[in-house]
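Commentary on secondary and tertiary structure
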Amino acid sequence: MKKVAALICYALGGLGTAIVFLLVVSCQSGGRSASDGLVQSDSGVPDTMLQDVVPTDTMVAEAVVPKNADEYFNDFIYSFTTNRRYQFSRVVFPLPYYRDGSKTFMQRSQWEFSRMHTESPVYTVIFDRESSLSLEKSCSVEKVVIEWFFMLTGRVQDYCFSRREGIWKLREVKEYPLAQHPDSGFVSFYQKFATDTIYQYRHLAEDIIVSMPDPDDGFETLNGSIGPDQWPMFRPELPRDVFTNIQYGQCVDSKNQRVLAIEGSSNEFLMLLFFRHTDRGWQLYKIKG
């Protein structure tokens, strides 16, 4: 095990770039109002975040769709968010929209092309354990829900995709209070952890395990531990107020373990934050890059 000094050097070097990168992301998304995704259209059907984002790069909006895009959801969603014509062909119209249990329909004419969670350079996914990350690359996944948490209004929007006869499509949207979400306790904790520095320090383990790739040798890993006082050197800028979860089928039955993944939308950036529930509440006890 290498000394923590090497880890600190890494944090100030390679990871420092990632921290700056994530800081820019936070400045762009942190000020977004939760009501941005809950605008009413003239027809009375809620205009979702899908209608709030229109890319300026038309080249990106017409990206080539691979023949095997339906094999993996992440391949499908890449094409869905980069090709305008493809996206319209993969939304079931009229699209059922459930708001607090009340059903309406969104027509094709109401839909606007959206980059969804790929609009921002990074997005968040909540897992029950690290091994569940394998679901992102599993061809056996048949249903995926992209969840948006609007913490300032306490609302959730679910975009429900499923693959039928080998074809992925967006089939319905749901909107409901955060209190009804099965993992509302952790989501609420995370929001406070991301926004309140004092609260954050109170929920750090005395020894935080750190595992990062060695910047001098891509095949090696730097392992060590840090104390709460060194956490700021490793802490990424945490998405807050409006953030996502992608439900690939990971369960939240475990009441004592969560892994928050911060993932790059257009690159392979990945940082994992490990939380466990103790008699002191949720605690961050490990970070992995």
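Residues numbered from 1 in each chain as written. Predicted model: local features only at pLDDT ≥ 70, side-chain atom pairs only at ≥ 80, totals over all residues. Heavy atoms only, no water.

**Side note on the environment of Y97**
Rules: Numbering of helices and strands runs from the N terminus; a helix is a DSSP stretch of H or I covering at least four residues, while a strand is a stretch of E covering at least two. Under the rule applied, a polar contact is a pair of N or O atoms within 3.5 Å (in protein, one hydrogen donor and one hydrogen acceptor; residues adjacent in sequence only if both atoms are side-chain atoms).
Position of Y97 relative to the elements: it lies in strand β3 (residues 95-99). Distance in space between the C-alpha atoms of Y97 and Y159 is 9.6 Å, their sequence separation being 62 residues. Reaching out from Y97, the side chain makes a polar contact with the side chain of Q157 at a distance of 3.2 Å.

**Quick notes on the sheet that holds strand β11 (residues 242-247)**
For clarity, the cut-off: Two strands qualify as a pair provided that DSSP identifies no fewer than 2 bridges between them. Axes here refer to lines fitted to C-alpha atoms; in helices the fit is confined to the stretch in contact. Angles between the N-to-C directions go from 0 to 180 degrees.
Within the open sheet, the 6 strands sit side by side as β4-β3-β8-β7-β6-β11. Their pairing is mixed. Edge positions in the open sheet fall to β4 (102-106) and β11, since each of these has one partner strand only. The average undirected angle you get between the axes of adjacent strands in this sheet is 20°. Of the pairings in the sheet, the one linking strand β6 (residues 143-150) to strand β7 (residues 155-164) comprises 8 bridges and is antiparallel in character.

**Comments concerning the sheet that holds strand β5 (residues 122-127)**
Backbone hydrogen bonds hold the strands of a sheet together, and the pairing may be parallel or antiparallel. In space, the 6 strands of this open sheet follow the order β5-β12-β13-β14-β9-β10, with mixed pairing throughout. Two strands close off the open sheet at either side, each with one partner strand: β5 and β10 (217-226). Along the sheet, successive strands turn relative to each other by an average axial angle of 20°, direction set aside. Taken together, the 7 bridges between strand β13 (residues 270-278) and strand β14 (residues 281-288) define a ladder with antiparallel strand orientation. Looking at β14, one finds that F275 is bridged to L284.

**Some details on the pattern of salt bridges**
Which entries qualify depends on this criterion: The rule for a salt bridge is simple: a side-chain nitrogen of Lys or Arg has to be within 4 Å of a carboxyl oxygen of Asp or Glu. Here the term buried applies to any residue with accessible area under 20% of the maximum for its type, exposed to any over 50%, and partly exposed to those in between, with areas from a 1.4 Å probe on protein chains only.
Counted by the stated rule, this structure contains 9 salt bridges. One salt bridge connects E130 with K288, and the closest N-O pair in it is separated by 2.6 Å. Residue E130 is found in the loop between β5 and β6, and its partner K288 is found in strand β14; the two are separated by 158 residues along the sequence. The class for K288 is partly exposed, based on a relative accessible area of 26%. Several salt bridges share partner residues, and in doing so they unite R99, D100, R155 and E175 into one network.

**Structural notes on the layout of surface pockets**
Our working rule: The distinction between a cavity and a pocket rests on a 1 Å grid over the protein atoms alone: a 1.4 Å probe fits inside a cavity but cannot get out, while a pocket stays open yet meets protein on both sides within 12 Å along at least five of seven lines, and a residue with an atom within 4 Å of a point counts as lining. Grid points are joined across faces, edges and corners, and a volume is the space filled by probe spheres set on the points.
By volume, the largest pocket is sized at about 810 Å³. In terms of residue count, the dominant contributor to the lining of the largest pocket is helix α3 (residues 73-80) (5 residues).

**Topic: α3**
To keep things clear, this is the line we draw: To be clear, the arc concerns the directions from the helix axis to the C-beta atoms. The contact criterion used is simple: two residues touch if any of their non-hydrogen atoms lie within 4.5 Å.
Burial in α3 covers these residues: F73, F76, I77, S79 and F80. The buried residues of α3 occupy one face: seen down the axis, they fall within an arc of 160°. On its buried face, α3 sits against α4 (84-89), β6, β7 and β8 (167-177).

**A closer look at the pairing of strand β9 (residues 204-214)**
Examined bridge by bridge, β9 and β14 share 4 bridges and lie parallel to one another. Across the sheet, the residue bridging to V210 is I287, located in β14. As defined by bridge partners, β9 adjoins β10 across 7 bridges and the pair is classed as antiparallel. Within β10, the residue paired with D214 across the bridge is D217. Between β9 and the antiparallel strand that follows it, β10, lie 2 residues.

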